[in-house]
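Spelled out, the chains give:
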Amino acid sequence: MTSSLSALEQLLALSEEMLSAAAAGDWETLTEREAARRALAHSLPATLTSDLSRASEERARLVIEACLRCDLRVRPLVEARLNELRVVLRAERPAA
């Protein structure tokens with residue numbers, strides 16, 4: 001496996017960990033994994049796939065798509081939590 005493909009696999013692992021954390025309501029772990037994933041993504045070169053064979057390019061595409069699917073599943077869980085927090089914050093606001 002090339003280093004580029006390995007980095008993408010690491011991104012997927014972090015994405016899957018984020019999904020698990022969100023599903024469990026473990027917002028601290030979700031935040032930690034998201035920060036790690038963001039740092040890894042920012043460290044990737046723009047020419048990430050230039051050294052990949054045709055078969056590895058296909059695997060890279062599948063891994064990236066899997067990351068995106070994780071993101072799509074995390075988003076509604078985070079939005080639901082944000083809505084819960086908005087309700088709590090409104091309830092705790094002192095009356096004027």
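The following paragraphs examine the structure supplied in this document. (Residues numbered from 1 in each chain as written. Predicted model: local features only at pLDDT ≥ 70, side-chain atom pairs only at ≥ 80, totals over all residues. Heavy atoms only, no water.)

1. Focus on the side chain of S4
- Structurally, S4 can be placed in helix α1 (residues 3-24).
- Looking at S4, its side chain comes within polar contact range of the main-chain oxygen of L48, at 2.8 Å.
- Residues contacting S4, with those up to four places away along its chain left out, are L48, D51 and L52. (Helix = DSSP H or I, 4+ residues; strand = E, 2+ residues; numbered from the N terminus. Polar contact = N/O pair within 3.5 Å; in protein donor to acceptor, adjacent residues only side chain to side chain. Contact = heavy atoms within 4.5 Å.)

2. Here's the deal with α1
- Between its first and last C-alpha, α1 extends 31 Å over 22 residues, near the 32 Å set by a 1.5 Å rise per residue.
- In the segment just after α1, G25 is the residue with positive phi, at about 75°. (Expected span 1.5 Å × (residues − 1).)

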